[in-house]
Amino acid sequence: MIERQHLKIINAIHKHGTMTEAAKSLFVTQSALSHSMKKLEASFSLPLWQKEGRTLVLTQAGKSLVGLSQRVLPQFEHTEAQLRRMAEGKQGILRIGMECHPCFEWLLKVVAPFLKAFPDVDVDVRRAFSFGGLQALHGYDIDLLLTPDPLHVDAINYTGVLDYEQVLVMHNEHPLAEYAYIKPSQLANEVVITYPVETNRLDIFSGFLTPAGASVKQHRTIETTEIILQMVAAGRGVTALPKWLVDEAKESDVLTYKPLGEKGLQKTLYLGHRKEVDPIGFVDEFISLAKATVLPK
């Protein structure tokens, strides 16, 4: 009884808040939109929204339908896109979500041989998600999720593809450069530069400072790896990055790094993928290439 058009309409109402804007976004008339939803409401004897002034506020039934639309509509769109590409003689597109800001450079080392091996497959990399990377994967917005911090759920498998060490990076003349490793308390007077991510998802905080009850003088955020490294190279602060990334940076001649703690902060990069049989035929191939990618020593 619930049709795809109903899901599109309720999603548009949820997004725009008014009948006029919802109808405009779907390129239908207000009367057609209203008629379609009134039939659905009548079939269940439940209202889907209430009017508060000019705004439509969803009822519990309407919110339930929105939840269904957000799970199902991306699957429709994904499958239709795949079918269109098949009709064009192409295999499809592999959509990869990233929850690891500094790992883009590593990802490029996997994408290049993948594109060579699959000339009819495109790759789309996404760094921003409306509801988080795991939900994007579960909802078919992406096919793979690259993350150092997997959240385990029944429908998702995680495959470890890269082990690395997160280190503290500084100018090679920084006072901390003389130590064999860094203690949490030693960052009390430091400006720490990171990506604009919640502190509970930043390893230097969640895995190093916070467990020790330590803090920093100032926490600054910058979007790009290149600018972060330039700021550190200019002596404007310190940062925490994968050791392999610093080794490959063009600023490496003026930078040094030290382990975070006596044993260092060890991490693993994972590719998350749905447990279902690979429907597009090349998710497993990408994971195999990722596992085989070796970083220079």
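Reading guide: rules and limits
Residues numbered from 1 in each chain as written. Predicted model: local features only at pLDDT ≥ 70, side-chain atom pairs only at ≥ 80, totals over all residues. Heavy atoms only, no water. Helix = DSSP H or I, 4+ residues; strand = E, 2+ residues; numbered from the N terminus. Rg over C-alpha atoms; globule rule 2.2 N^0.38 Å. Buried < 20%, exposed > 50% of the residue type's maximum accessible area, 1.4 Å probe, protein only. Contact = heavy atoms within 4.5 Å. UniProt positions renumbered as here; feature names shortened; annotations may be inferred. Phe/Tyr/Trp six-rings, centres within 6.5 Å; stacked < 30°, edge-to-face > 60°. Lys NZ or Arg CZ within 6 Å of the ring centre and 35° of its normal. Core = buried A, V, L, I, M, F, W, Y, C linked by side-chain atoms within 4.5 Å. Disulfide = S-S within 2.5 Å. Polar contact = N/O pair within 3.5 Å; in protein donor to acceptor, adjacent residues only side chain to side chain.

Peer 1: Let's hear about the overall build of the protein chain: which residues, and what values?
Peer 2: Along the protein chain, the regular secondary structure elements total 10 helices and 11 strands. For 297 residues, the compact-globule estimate of 2.2 N^0.38 gives 19 Å, and the protein chain exceeds it by more than 25% at 24 Å. Seen through its principal axes, the protein chain has C-alpha atoms that stretch 75 × 50 × 30 Å. The burial tally for the protein chain puts 45% of its 297 residues in the buried class. Intrachain contacts of the protein chain at a sequence separation of at least 6 include 73% that bridge at least 24 residues.

Peer 1: Please give an account of the UniProt feature "domain: HTH lysR-type" (unreviewed entry) in the protein chain that cites residues and values.
Peer 2: UniProt's feature table lists "domain: HTH lysR-type" (unreviewed entry) at residues 1-59, given in the numbering used throughout. Secondary structure content for residues 1-59 is 61% helix and 14% strand, while the C-alpha to C-alpha distance between its ends is 19 Å.

Peer 1: Before we move on, could you go through the packing of aromatic side chains and cite the residues and values that matter?
Peer 2: One pass over the full model with this rule turns up four aromatic pairs. Pairing phenylalanine 114 with phenylalanine 286 gives two aromatic rings, centres 5.3 Å apart and planes at 75 degrees, and the pair type is edge-to-face. Note that phenylalanine 114 is positioned in helix H5 (residues 104-117) and phenylalanine 286 in helix H10 (residues 283-292), a separation of 172 residues in sequence. Accessibility expressed as a relative area gives 0% for phenylalanine 286, which makes it buried. Cluster of aromatic residues (ring-pair linked, three or more members): Phe114, Phe118, Phe282 and Phe286. Just above the ring of tyrosine 140 sits the side chain of arginine 274; from NZ or CZ to the centre is 4.0 Å.

Peer 1: Please give an account of the nonpolar core that cites residues and values.
Peer 2: Core analysis: the biggest nonpolar cluster contains 59 residues, and Leu94, Trp106, Leu168, Leu187, Ile204, Leu269 and Phe286 have the highest contact counts within it. It is strand S6 (residues 156-171) that contributes the most residues to this core, seven residues altogether. Dropping the residues within four chain positions of it, leucine 168 is found in contact with Leu176, Ile182, Leu187, Ile204, Val238, Thr239, Thr256, Tyr257, Lys258 and Leu260. In this structure, Ile10, Ala12, Ala23 and Leu58 belong to the second largest nonpolar core, which totals 18 residues.

Peer 1: Summarise the state of the cysteines; cite the residues concerned and give the values.
Peer 2: The full count for this structure, using the stated rule, is one disulfide. With its sulfur 2.0 Å from that of its partner, cysteine 100 forms a disulfide with cysteine 103. When the S-S torsion is 45 degrees, as for the bridge of cysteine 100 with cysteine 103, the disulfide is right-handed.

Peer 1: Can you explain the side chain of threonine 147? Please cite residues and give values.
Peer 2: Topologically, threonine 147 is positioned in strand S5 (residues 144-147). A polar contact is formed between the side chain of threonine 147 and the side chain of glutamate 99, at a distance of 3.1 Å. Not counting residues within four places of it along the chain, the set of residues in contact with threonine 147 comprises Glu99, Tyr158, Thr268, Leu269 and Tyr270.

Peer 1: Could you give an account of the environment of lysine 275, naming the residues involved and the relevant values?
Peer 2: On the secondary structure map, lysine 275 appears in the loop between strand S11 (265-274) and H10. Beyond its immediate sequence surroundings of up to four residues, lysine 275 is in contact with Asp154, Ala155, Ile156 and Asn157.

Peer 1: Account for unusual backbone geometry, naming residues and giving values.
Peer 2: In the Ramachandran plot, phenylalanine 27 falls in the positive-phi region, its phi being about 60 degrees despite a non-glycine side chain. Examined against the element boundaries, phenylalanine 27 turns out to sit in the loop between helix H2 (19-26) and helix H3 (30-44). Judged by its relative accessible area of 79%, phenylalanine 27 falls in the exposed class. If you check the backbone angles, serine 45 has positive phi at about 55 degrees while not being a glycine. Among the structural elements, serine 45 can be located in the loop between H3 and strand S1 (49-52). A residue is classified by how much of its surface remains accessible, and serine 45, at 63% relative accessible area, is exposed.

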